[in-house]
Amino acid sequence: MKKIDWDNLGFDINAAEKMFVANYKDGRWDEGEIVDYGKISIYPSAVVLNYGQGIFEGMKAYRTKDGRIAMFRPYDNAKRLNMGCERLCMPTIDEDFFVKSIESLLKVNEDYIPPYGKGDLYIRPILFGSGEMLGVNPATEYTFIIYMSPVGPYFKGGFNGIKLEIRKDYHRAPLYGSGGIKAIGNYAVSLYPKKVVKRNGYDEVIYLDAKTSTYIEEVGSANFFMLKDGVLSTPRLSGSILPGITRDSVLKIARDVFGLTPLERDIRYDEIYDADELFCTGTAAVITPISLVAYDGEEHTIGDGRPGEITKKMYDELKGIQLGEKEDRYGWFYEVK
Ligand SMILES: *Cc1c(COP(=O)(O)O)cnc(C)c1O
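Since the structure is predicted, the reported quantities are computational estimates derived from the model, not experimental observations.

Thresholds, definitions, all that
Residues numbered from 1 in each chain as written. Predicted model: local features only at pLDDT ≥ 70, side-chain atom pairs only at ≥ 80, totals over all residues. Heavy atoms only, no water. Near = heavy atom within 4 Å. Polar contact = N/O pair within 3.5 Å; in protein donor to acceptor, adjacent residues only side chain to side chain. Areas by Shrake-Rupley, 256 points an atom, 1.4 Å probe, with all protein chains shown as cover. 1 Å grid on protein atoms, 1.4 Å probe; cavity = no way out; pocket = protein on both sides within 12 Å on 5 of 7 lines; lining within 4 Å. Sits in = over half its atoms within 2 Å of the grid points. Nonpolar A, V, L, I, M, F, W, Y, C, P; charged D, E, K, R; others polar. Domains from an automatic or database assignment. Contact = heavy atoms within 4.5 Å. Buried area = accessible area lost by both parts, 1.4 Å probe. Salt bridge = Lys/Arg side-chain N within 4 Å of Asp/Glu carboxyl O. Helix = DSSP H or I, 4+ residues; strand = E, 2+ residues; numbered from the N terminus. Points joined across faces, edges and corners; volume = space filled by probe spheres on them. Phe/Tyr/Trp six-rings, centres within 6.5 Å; stacked < 30°, edge-to-face > 60°. Lys NZ or Arg CZ within 6 Å of the ring centre and 35° of its normal.

Quick notes on the site of the ligand
Here is step 1 of the chain: If you check the shell around the ligand, you find 15 residues, and the closest are K182, Y187, E218, T246 and T283.
Here is step 2 of the chain: R80 is positioned with one of its side-chain polar atoms (N or O) 2.8 Å from an oxygen atom of the ligand.
Here is step 3 of the chain: Contact between the ligand and T283: an oxygen atom at 2.6 Å from a side-chain N or O atom of the residue.
Here is step 4 of the chain: Taking 380 Å² as the accessible area of the ligand by itself, protein coverage stands at 96%.
Here is step 5 of the chain: With respect to the pocket detection grid, the ligand is positioned in the largest pocket.
Here is step 6 of the chain: Among the residues forming the shell around the ligand, the class breakdown is four nonpolar, seven polar and four charged.

Following this line, the structure appears as structure tokens:
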């Protein structure tokens, strides 16, 4: 076992010892195997390297207070992965196979799950066209890999609030493109806009819709929420927004636990300047408060610049369900036995 500094975990790769690898050939997946984490060999003509035929998922394993191992809605990740596989002409994967493979890997990597309260074990399934091809066509061979890494917060200083810049000159994903799935290419095009806003002193980009540059889409790789005059709103799933499982959970908690009536609608970028609270959501980001938004050189502090009441309550409720400490009326808590 590697030495890990549990008290200083960031969102960095610190791969757990074992990974899971399955291969698709002649029209079927093999049963897969657990091997040492390490380099893989691949043809230069693999479709993933030339044409980006690849997809990933992001999940976490949690250590509960009483030492159990839990996941959160893992079958929803399997479903979303499969939706993406269809879109990228890749073979889907059996949902039970997906979840069971993660569970068996978690058991051998158990020592890498941070102690309660120190962080989580991030789970990264990837699936890509590993077969050779010269023209732009789907591969005939595929590889499915799961690796894991202990992580702390996605944003450094995260719960104090992050500062974001709205950009009209860079888009993440066009309508009817691949924004609604975790296609690897979506993230390559986000590197440059992120570099630009970092240079300006901000943590991430707020992306607007690619057609009109008017309506909020997402925050880097997290979904966006606004609380204003007691109403919680989030951008509707236009097709170019990633349907976050955290987003869906927040909408349900807002309705069923907090008695709010959340709206999924088009949100103009200039509506958010005087919001009462803003936050973003994701497996990695959890619930991250947004303390400031900038557009075209002007900065707008959100509320008093500190995490809002609903933001904090939402974080506690979501974390509580994930750790098995709050009532789970939806069957989201998934114990790994
Ligand atoms: C993964 C991701 C999210 C968050 O999805 P979760 O299922 O909540 O983790 C949001 N936006 C983008 C672009 C993502 O890649």
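Quick notes on the domain arrangement of the protein chain
Here is step 1 of the chain: Split by domain assignment, the protein chain resolves into domain 1 (6–151) and domain 2 (162–322).
Here is step 2 of the chain: Domain 1 puts 23 residues into the contact, and the matching count from domain 2 is 22 residues.
Here is step 3 of the chain: Of the roughly 1,800 Å² buried between domain 1 and domain 2, counting both surfaces, carbon and sulfur atoms make up 65%.
Here is step 4 of the chain: Of all residues in domain 1, F56, F72 and R80 bury the most surface against domain 2, accounting for 35% of the area lost on that side.
Here is step 5 of the chain: At the junction of domain 1 and domain 2, the tally comes to two salt bridges.
Here is step 6 of the chain: Here K319 makes a salt bridge to D120, at a shortest N to O gap of 3.6 Å.
Here is step 7 of the chain: Scanning the region where domain 1 abuts domain 2 turns up nine residue pairs in polar contact (both at pLDDT 80 or more).
Here is step 8 of the chain: Per-element tally for the side of domain 1 that touches domain 2: the top contributor is helix α2 (residues 74–87), with six residues.
Here is step 9 of the chain: Of the residues contributing to the side of domain 1 that touches domain 2, the split by class is 11 nonpolar, five polar and seven charged.

Let's talk about the environment of R306
Here is step 1 of the chain: Here R306 shows up in the loop between β17 (298–301) and α7 (309–322).
Here is step 2 of the chain: Residues R306 and P289 lie 17 residues apart in sequence; the distance between their C-alpha atoms is 8.1 Å.

Topic: empty space enclosed by the protein
Sizing a probe to match a water molecule and rolling it over the atoms shows the empty space that remains.
Here is step 1 of the chain: A complete count under the given rule lists one cavity of 30 Å³ or more for this structure.
Here is step 2 of the chain: Each pocket or cavity is described by its volume, and for the largest cavity that value is around 140 Å³.
Here is step 3 of the chain: Lining the largest cavity are 15 residues; nearest its centre among them are M59, K60, Y62, F72 and T283.
Here is step 4 of the chain: Elements with a minimum of two residues in the lining of the largest cavity: β5 (59–63), β6 (69–72), α2 and α6 (245–256).
Here is step 5 of the chain: Across the lining of the largest cavity, the residue classes break down as seven nonpolar, six polar and two charged.

Considerations on the packing of aromatic side chains
Here is step 1 of the chain: Counting across every chain of the model gives 16 aromatic pairs.
Here is step 2 of the chain: Here the aromatic cluster, defined as three or more aromatic residues joined through ring pairs, consists of F20, Y24, W29, F97, F98, Y142 and F144.
Here is step 3 of the chain: Positioned over the ring face of F258 is K313, at 5.0 Å from the centre of the ring.

So, the layout of surface pockets
Here is step 1 of the chain: Computed from the structure, the largest pocket encloses a volume of approximately 790 Å³.
Here is step 2 of the chain: Broken down by secondary-structure element, the contributors of at least two residues to the lining of the largest pocket are β7 (120–129), β8 (142–151), α4 (185–188), α5 (191–199), β10 (204–208), α6 and β15 (277–282).
Here is step 3 of the chain: No fewer than three residues from each of domain 1 (6–151) and domain 2 (162–322) sit in the lining of the largest pocket.
Here is step 4 of the chain: Looking at the second largest pocket, its volume works out to about 420 Å³.
Here is step 5 of the chain: Considering the residues around the second largest pocket, the lining is formed by 22 residues, among which D120, P153, V286, Y315 and K319 are closest to the centre.
Here is step 6 of the chain: Counting residues per element, the ones that place at least two in the lining of the second largest pocket are β5, β16 (286–295) and α7.
Here is step 7 of the chain: Element by element, the count of residues in the lining of the second largest pocket is highest for β16, at three residues.
Here is step 8 of the chain: Here the residues of the lining of the second largest pocket are counted per class, giving 12 nonpolar, five polar and five charged.

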